[in-house]
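An overview of the molecular structure
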Amino acid sequence: FTLRNGHANDTLLGGGGLVFSNCSPILDNCRITQNIGGYDYGVGALLWNSNAIIRNSSIDGNVLLTHGSVGYKGIGIAVVNGSSPTFDNVSISNNQYEGGIIKGVGLCVESNCHVEITNSRINGNTASCGYDVYGVGVYLGNNSTMSMDNCVIEENSSLQEARHQGGIALFGTSVELSNTSIA
């Protein structure tokens, strides 16, 4: 299925496309695209204490335009609060952020989470802001871990001069990469 044109209310936690909270769903052959808004976490998708399995899917073209300096997290997808999802053959691409501080335009993982990603791409995500950009492709922080096998993280960019930008940003975490390229 395709989940498109969702709009999160600015007073909610996030999840313009979907929110998985305290559950373990399986998504197969889905597209989460062209969702807008979101307050704090995940414009495309928010996984809050969720052990979701997402495979053969894309999370793309989600947008957050804001002019505040509040820190936003994971425009494509945010994985937070003890979540342990698995992604296989997932594309997280062309998500866009314009505003203040951002952690992971494509993917943000924080707050005691563990993520396993295989056969996936995180590419073409962009940030346009005048503040701090922590990992345009991926942000991993706050006692979280991630393993990636046979993945590509490329062409994620900040359109303006910003601190801490890059394909992947790690803060107080550990990551295991195997057959994975970051460019």
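Here, the structure is the one placed above.
The notes below deal with the structure included here. (Residues numbered from 1 in each chain as written. Predicted model: local features only at pLDDT ≥ 70, side-chain atom pairs only at ≥ 80, totals over all residues. Heavy atoms only, no water.)

Re the pairing of strand E13 (residues 96–99)
Note the following rule: Classification of residues uses two cut-offs on accessible area relative to the type maximum, computed with a 1.4 Å probe and protein chains only: under 20% is buried, over 50% is exposed, and between them is partly exposed. Strands here are runs of E lasting at least two residues and helices are runs of H or I lasting at least four, both read from the DSSP assignment and numbered beginning at the N terminus. Two strands qualify as a pair provided that DSSP identifies no fewer than 2 bridges between them.
Of the two faces of E13, only one is covered, namely that formed by Tyr97 and Gly99; the face formed by Gln96 and Glu98 stays uncovered. Bridge count for strand E9 (residues 63–65) against E13 is three bridges, and the pairing is parallel. Residue pairing in the sheet places leucine 65 in a bridge with glutamate 98 of E13. Sheet analysis places E13 next to strand E18 (residues 126–129), joined by four bridges and oriented parallel. Along E18, the bridge assignment pairs glycine 99 with cysteine 129.

As for the sheet that holds strand E24 (residues 168–171)
Selection criterion: To obtain an axis, a line is fitted to C-alpha atoms, over the contacting stretch when the element is a helix, and the angle between two such axes runs from 0 to 180 degrees between their N-to-C directions.
Ordered in space as E3-E7-E11-E15-E20-E24, the six strands form an open sheet in which the pairing is parallel. The open sheet has two free edges, formed respectively by strand E3 (18–21) and E24, since each of these has just one partner strand. Mean inter-strand twist for the sheet, computed between neighbouring axes without regard to direction, equals 5°. Looking at chain direction, strand E15 (residues 107–110) and strand E20 (residues 138–141) are connected through four bridges and run parallel. Of the residues in E20, the one forming a bridge with valine 109 is leucine 140.

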